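Structure assessment
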Amino acid sequence: MNLIRKYQFPKTLSLGSSTKFLLLLDSLRVDSREVELREHEGQVVAPSGLAMLAFLKDASAESKIRLSMSRKLQVPSVIADSKITTFPDLQLYTYQNDSAFLIGRSTFDPFIGERLEQLFSTVLTEEELFAVQLLMNELMQNAQDHSGSERFFVYAGLSEDTFEFGCFDSGISIPAKLEQKYGLKDDVEAIEKALQKGTSTRRMRSGGLGLWHCFDHLKDMQGSLIILSRFGSLRRYFKNKKISRKILKVPLRGTWVGLSFKMERQ
Amino acid sequence: MKTIVIHQEYADDYITRPAGERLRNEILQFSQQAKVCLDFQNKKVASVSFFDESLGKLVDEKWKREDFYEKIVLKNIYKLDLKVLNKILLDRDPLFEIERLL
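In this report, the structure presented in the accompanying data block is examined. Owing to the predicted nature of the structure, the values given are computational and were not obtained by experimental measurement. (Residues numbered from 1 in each chain as written. Chains lettered and ligands numbered in written order. Predicted model: local features only at pLDDT ≥ 70, side-chain atom pairs only at ≥ 80, totals over all residues. Heavy atoms only, no water.)

Take the overall build of chain A next. Helix and strand counts for chain A come out as 8 helices and 11 strands. Scaling as 2.2 N^0.38, a compact globule of 266 residues should have a C-alpha radius of gyration of about 18 Å, and chain A matches this with 18 Å. With the principal axes as the frame, chain A shows a C-alpha extent of 50 × 45 × 35 Å. Roughly 12600 Å² of accessible area belongs to chain A as shown, and the carbon and sulfur atoms make up 47% of that amount. Of the charged side chains in chain A, 37 are positive and 32 negative; the average position of the first set lies 7 Å away from that of the second. (Helix = DSSP H or I, 4+ residues; strand = E, 2+ residues; numbered from the N terminus. Rg over C-alpha atoms; globule rule 2.2 N^0.38 Å. Areas by Shrake-Rupley, 256 points an atom, 1.4 Å probe, with all protein chains shown as cover. Lys, Arg positive; Asp, Glu negative; His and termini not counted. Charge placed at Lys NZ, Arg CZ, Asp CG, Glu CD.)

What follows is the structure, encoded as C-alpha cells:
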C-alpha cells in the first residue's frame, strides 16, 4: 500500500480519451496510496473532461486513494485538492467558467434550463438550446430513476468548434439493468436495446419514450452520441450515419451518455 | 373551463414523469366536469417525459383523439414544446391534429 502511481494526462482530456481514462479508473482498484496526475503544458480539459475528473475523484475516494494534480488546472478546486480523500459533498463539484459547467447531483436539476440560457444563449440557436435542455432533462431523469446511483454528474460546454454535454453516473449500468428482463448477447446489445422505442425496465406498467424522442433532435443537429456502460461502448454519428460498437477491455462501473454537435454546420 | 397554469401549479417540477403523472390525474379528474385549459404562459417545459406522461398516456386511459379535442385546450404553449408534444401525440395516433387543441 505504499505505491504512488503516476499518470500523464492526454493533451485534451475529453470523452475522446475515454480508453486511457477507463484504464486509470480500473487501476484505482489495485493497491496504491496515491495517484498523481500530470498535465501537459497548455493542458486542455473539455467539458466532458470535467466530468471524468469528478468521477475519478469519487472513485479515488471510494478506494481511499489520494488523488493529486496541479492546482493550476481549470477544474473544481475540490478535485485538485489532494487532502480531500473522502466523498466530497456533491455541491462542491459545481463549477462554471466562460464556456462550460459541471454539476454534481443526486436528483435531477430543475434549474438546468436557466443555467443553459445564462451561459449559452449567445452561442447556441434557440432550437439548439431547447434541444440541449430537452436531452439533459431526460438524461438526468434516467440517471435518477434507473441507475440506482446516489451521485451523477452533468456537464455542458464548448470544446473548440463542438458543443458537448452529457451525464455520467456510477450506477448499476444499462446492461445490468436490462439483462434482468431481456435475453441479451452482450453489453453492446444491451445499450442498443435501451435506445429502441418501447424498451422499458418496468414490468407492471409501460415505460416512456423519453430518450427515443429526444434523439430526433440530435439527428437534426447532425450530432453524435457516445454511450459507455459496463463493457459496452456504442458510438453513433448522425451526420454520416456511422455506428461503432465495441466491447471494452476494462469496464466502466456506471453509465456515461455523452452527446455533441458541431457549432457551425452546413 | 378549469385552467391549470403549469408554471404556477407545477412550479417545483414540470419536468419529471411523476409530475406528468400528477397532471394526468388532474386532467382525468377535472375533465369529468369541464374542459381543461393548460396554460404554459409561453414558458419552456422541454421535457418529453412530462408531456408523454401527462398527455401522451391519456391514450392508455382509453382517450380517443376526439376526447382530447373536446376536453383539452393548450394555451400559450412555447412553439418548440408544441412540436415535441405533436410528435408524442402523433406517435400514439398518426391522425392526431394538435392544432385542434389550440
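Counting from both sides, the interface comprises 23 residues of chain B and, opposite them, 25 residues of chain A. Contact between chain B and chain A buries roughly 2000 Å² in total, counting both sides, with carbon and sulfur atoms accounting for 51%. Joining chain B to chain A, the criterion identifies 3 salt bridges. Close ionic contact of E117 of chain A with K44 of chain B constitutes a salt bridge, the shortest N to O distance being 2.8 Å. Secondary structure elements with two or more residues in the side of chain B that touches chain A: α3 (48-54) and α5 (79-92) of chain B. Considering every element that reaches the side of chain B that touches chain A, the biggest residue donor is α5 of chain B, with 7 residues. (Contact = heavy atoms within 4.5 Å. Buried area = accessible area lost by both parts, 1.4 Å probe. Salt bridge = Lys/Arg side-chain N within 4 Å of Asp/Glu carboxyl O.)

It is worth spelling out the sheet that holds strand β10 (residues 224-237) of chain A at this point. Residue and element names in this part refer to chain A. With antiparallel pairing, the 6 strands of this open sheet are ordered in space as β6-β7-β8-β9-β11-β10. The open sheet has two free edges, formed respectively by β6 (95-96) and β10, since each of these has just one partner strand. Summarising the sheet, β10 and strand β11 (residues 242-262) pair through 13 bridges and their orientation is antiparallel. When the bridges of β11 are listed, G232 appears paired with I247. On the sheet, helix α4 (residues 112-120) packs against β6, β7 (100-105), β8 (152-159) and β9 (162-169) and is oriented at approximately 165 degrees with respect to β7. Against the sheet, helix α5 (residues 126-146) contacts β7, β8, β9 and β11, and its axis sits at roughly 15 degrees relative to β9. (Pairing = 2+ DSSP bridges. Axes fitted to C-alpha atoms, helices over the stretch in contact; angles between N-to-C directions.)

So, on to α5 of chain A. Between its terminal C-alpha atoms α5 of chain A stretches 30 Å, which fits the 30 Å expected from 21 residues at 1.5 Å a residue. Buried residues dominate α5 of chain A, accounting for 15 of its 21 residues. (Expected span 1.5 Å × (residues − 1). Buried < 20%, exposed > 50% of the residue type's maximum accessible area, 1.4 Å probe, protein only.)

One finds L38, F51 and L74 of chain B to be the most contacted residues of the largest nonpolar core, which totals 77 residues. L74 of chain B has contacts with L38, F40, L55, L82, L85, I98, L101 and L102 of chain B, leaving out every residue within four places of it along the chain. By size, the runner-up hydrophobic cluster in this structure holds 40 residues, among which are L56, L73, Y93 and I226 of chain A. (Core = buried A, V, L, I, M, F, W, Y, C linked by side-chain atoms within 4.5 Å.)

All chains considered together, the criterion is met by 22 salt bridges over all chains. Close ionic contact of R253 of chain A with D26 of chain A constitutes a salt bridge, the shortest N to O distance being 3.6 Å. Separated by 227 residues along the polypeptide, R253 of chain A in strand β11 and D26 of chain A in helix α1 (residues 18-27) bring together distant segments of the chain. A residue is classified by how much of its surface remains accessible, and R253 of chain A, at 42% relative accessible area, is partly exposed. Overall, the relative accessible area of 28% leaves D26 of chain A in the partly exposed class. Residue R230 of chain A is joined to D187 of chain A by a salt bridge in which the shortest nitrogen-to-oxygen separation is 2.9 Å. Here R230 of chain A, found in strand β10, pairs with D187 of chain A, found in helix α7 (residues 187-195); they are 43 residues apart in sequence, far enough to count as distant. By relative accessible area, which is 22% here, R230 of chain A ends up partly exposed. For D187 of chain A, a relative accessible area of 10% puts it in the buried group. One network of salt bridges, with partners in common, ties together R17, R24, D52, E53, K57, D60, E61 and R92 of chain B.

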